[in-house]
Amino acid sequence: MKRVLTGNEAIARGAFEAGVKVASAYPGTPSTEIMETIAREYKTIYAEWSPNEKVALEVAFGASMAGARAMASMKHVGVNVAADPLMTLSYTGVRGGLVLVTADDPELYSSQNEQDNRHYARFAKVPMFEPSDSQEAKDFVKVAFDVSETYDTPVLVRSVTRVSHSKGIVELEEPVVSSIPLEVRKEPEKFTMLPSYARIRHRLVEERQRKLAAFAETFPGNRMEIDNPSVGIITAGIAYQYAKEVFPDYSYLKLGMVWPLPQGLIRRFFKEVKRVYVIEELDPFLEDNIRAMGLRPRGGKNLIPITGELNPLIVERSLLGKKFKAPKAFFDDPVPPRPPNLCPGCPHRGIFYVLRKLKLFGIGDIGCYTLGAYPPLSSVDSCLCMGASVGMTHGMAKALGEEGKGKFVGIIGDSTFLHGGIHPLMDVAYNRSYATILLLDNRTTGMTGSQEHPGTGYTVRGEKTRKVDIVELAHALGIESVRKVNPWNVEEVEKVVREEIEKDAPSLIISDGPCILRQREFKHYNRPLEVDSSKCVGCKACVNLGCPAISYQDVEGEMALTADGKKRKGISRIEPTLCPGCHLCYQVCKFGAIQSREESPILGFDVI
Ligand SMILES: Cc1ncc(C[n+]2csc(CCOP(=O)(O)OP(=O)(O)O)c2C)c(N)n1
C-alpha cells in the first residue's frame, strides 16, 4: 500500500515498521509531528513527551539497554540539550537499536539559530543518515535501526524543515519483530562508563568508525548517478532535490549516509567526472571532509550560500556564478507581511503591557512570549536558549547588586521552566539573589502548537496524569515568595510586580492564565468588546497593546471630533470575530470608549 506522508509522518512510520517499542520527544519545530504521529497512529509504541531532550534521549537509552528498539526525536537545538548523554552513549553503544532524529531548521523558520547538526555525527563519532524525501525518511529510519544493532551504536537521522514538512508518496510495509530479547542484563564493562571501562570503549568506537566507513561504501543510499560526465555534483538530503531539479543532466554522487563518508566511492566519483562540485545547505560539511581527503572540489561554499535555506533558484544561480536575486512577487498586489504576533486574548499581553509601563528590562526566554520583544509591546530584551532567562536574571542581579534592584525581571513560560528553568531557580534560591522571575503559566507548550508537558496534567495521548504543582516546587527549591496573578488584570499585575521587584529576596510571580486556544481550560469565553466611536479620541492606548483584533483608521472632517467636541485623528475598531473579550483594552482606555458587552466587566475569563 502507498500513502502520501510528510517527512515527519514517514519517520514515525519508519519507527513503527522497525518495531520500535519506546518513543520519546520534546516538541520543537520542525520535529514535533514525529511524536504527534506516533502518539496518534501507532498505539503499539509507548510514546511520551519528555520534559526536555536530554531526558528524552535517556529514556530511549534505558529502553535500548533493556533490549527494545527506541527512538528520541527533537529539533536541532534539542540535540545540544541531549549532547551530554549522546557523547557517552557513543561509547556504551546499545542493545536494542537506538535512533536519535534531529530535525534541523535552515532559514530559522522557528528557531533561535540554524546550526548544522551533521557536525554532531562527526563529533560524537556516530553514523548519520540524511533523507531527501518522505520515502527515504521512512527507509533510512529502518536502516538506522539495523545499523544501530549491527554496529552497536546510537544512530543519528537528520531531517530539515523542507523534508519534515513536505509530502511525498511512501510505500508502506509490515512492522518487523526484533530478535533481541527484552531483559535486564548486567554488562558493566559496556554500560558503566567509569574511566577504566570507558577507555576501552573509546578504542572500540574508533574501530567501529572504520567498520561504518566500510559499510558506507556499499550502502545503496550512497549512489552514483552517472550521466553527463563533464560535471559531477556531490550532494545529500534536500540539496540533492534542488540540484537535480535545475541540473537534471549532470552526474551525481548522492549521499544518504553523511557520516562516516564513503571515501572510496568519493574518489571513484572524482575519476568518473571531469569537474566536481559540492552542493549542500548550511555548513561546508561534506566539502571540508572531502578537501581533507586531499581532493579539490570546485565551488562549494565559494559559490553556494553558507546561511539560510537553499532552493532550486539559489542553487542554479550560485553554481552558474550569478548573484542570487529574490524573484519578484507573483502578484501585483502582494499580501501584506504578517509578522508573528500574540493571539487576541493571549494572557502574555497584559504582563508585557505592565513591563513596558514600568520600563523594566525583560530577560526573556523562548516561547510565544518571546514575541513580546516586537513593538508595540517591546518588553523582552534578551533571549538565548530554553531556560536561560532564570540564570541570566540571577547573574545580572549578582553583577549589579543594589544598583540593579527594581530594574529587570526574568520571563519564562511553563514548558520552558519545566524544561530548563528548575535548576537555575534552585541557584537563585541557593545563592540568594533578589531575582524576580515571571513564570507565564499558560498551561501548555504554546509556541510549538500546544503540546502537553508535566505541568498540564495530561500525557501525549491525552490521558489524565499527575500535574506538577509549580507553587510547591518553587517552595521546595527555596523560593519563599511565590504569588499568582491574573494576567488579564493589569492593576493586579502591576501591583504585584512593583512589590516583588523591590524585595531583597527572590520571588516567583506566576501568571495564572491559560492559553486562549486551550478551550478545555475555559468555562466560557466572553463576548467581544466594542469601540464606542462617539467617545474614542484615537489615543492608540488600545492599539499599542498589539492585539490583532484592534485596528485603527484615520478620520477627517466631521468624524475628526468626538461627541463631546474633542479633536481626534483616528478611531480604533475591534474586530468582533477575533475578540474573545479579555478586557485588556477596556482597562487601558482612559476615555471609556471601549464597551464591555458583559453585565459587569470581567477581568480575564472564567477558567477551570
Ligand atoms: C532546546 C529547545 N527545544 C525546543 C525548542 C522549541 N520550543 C520553542 S519555545 C518552546 C516552549 C514554549 O512553551 P512555553 O515555555 O510554555 O511558552 P508558550 O509558548 O506556551 O508561551 C519550545 C518547545 C527550542 N527552541 N529549544
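What you are looking at is a predicted structure, and each value in this text was computed from that prediction instead of being measured. (Residues numbered from 1 in each chain as written. Predicted model: local features only at pLDDT ≥ 70, side-chain atom pairs only at ≥ 80, totals over all residues. Heavy atoms only, no water.)

## Details of helix α5 (residues 83-92)
Of all the residues in α5, the buried ones are Ala83, Pro85, Leu86, Leu89, Ser90 and Thr92. Lining the buried residues of α5 we find α3 (53-65), α4 (76-81), β5 (98-104), α6 (118-124), α9 (188-191) and α10 (195-218). Directly after α5, the chain includes Gly93, whose backbone phi takes a positive value near 70°. (Buried < 20%, exposed > 50% of the residue type's maximum accessible area, 1.4 Å probe, protein only. Helix = DSSP H or I, 4+ residues; strand = E, 2+ residues; numbered from the N terminus. Contact = heavy atoms within 4.5 Å.)

## Here we look at the side chain of Glu17
Checked against the element boundaries, Glu17 lands in helix α1 (residues 7-17). At 2.8 Å, the side chain of Glu17 and the side chain of Lys138 are in polar contact. If sequence neighbours within four positions are ignored, Glu17 has contacts with Lys138, Lys142, Leu172, Glu173, Glu174, Pro175 and Val176. (Polar contact = N/O pair within 3.5 Å; in protein donor to acceptor, adjacent residues only side chain to side chain.)

## Re the sheet that holds strand β10 (residues 228-236)
Sheet architecture is open: 4 strands sit in the order β9-β11-β10-β13, paired in mixed fashion. Only two strands of the sheet have a single partner each, and these edge strands are β9 (223-225) and β13 (275-279). Within the sheet, the average angular offset between the axes of one strand and its neighbour, ignoring direction, is 20°. Bridge analysis of β9 against strand β11 (residues 250-255) gives 3 bridges, and the strand direction is antiparallel. From the neighbouring strand, Glu225 faces β11, where its bridge partner is Tyr252. (Pairing = 2+ DSSP bridges. Axes fitted to C-alpha atoms, helices over the stretch in contact; angles between N-to-C directions.)

## Topic: the domain arrangement of the protein
For the protein, the assigned domains read domain 1 (2-216), domain 2 (223-322), domain 3 (348-521) and domain 4 (530-595). Averaged C-alpha coordinates put domain 1 and domain 4 at centres separated by 53 Å. (Domains from an automatic or database assignment.)

## Brief notes about the nonpolar core
Ranked by internal contacts, the top residues of the largest apolar core, which has 64 residues, are Phe352, Leu425 and Leu508. Leu425 has contacts with Val390, Phe417, Ile437, Ala474, Leu477, Ile479 and Leu508, leaving out every residue within four places of it along the chain. Judged by nonpolar contacts, the second largest core, of 43 residues, contains Ala63, Val126, Phe191 and Leu295. (Core = buried A, V, L, I, M, F, W, Y, C linked by side-chain atoms within 4.5 Å.)

## Section: the site of the ligand
In the region of the ligand, 26 residues are neighbours, and Glu53, Cys368, Asp414, Thr416 and Gly446 sit closest. Note that an oxygen atom of the ligand is positioned 2.8 Å from one of the backbone N or O atoms of Cys368. For the ligand, an oxygen atom lies 2.9 Å from a polar atom in the backbone of Ser415. Summarising the interface, the protein chains cover 98% of the accessible area of the ligand, which totals 590 Å² for the free molecule. Within the residue set of the shell around the ligand, elements represented by two or more residues are α4 and α17 (414-430). The element contributing the most residues to the shell around the ligand is α17, with 4 residues. Residues belonging to the shell around the ligand are distributed by class as follows: 9 nonpolar, 14 polar and 3 charged. Mapped onto the domain boundaries, the shell around the ligand takes at least three residues apiece from domain 1 (2-216) and domain 3 (348-521). (Near = heavy atom within 4 Å. Areas by Shrake-Rupley, 256 points an atom, 1.4 Å probe, with all protein chains shown as cover. Nonpolar A, V, L, I, M, F, W, Y, C, P; charged D, E, K, R; others polar.)

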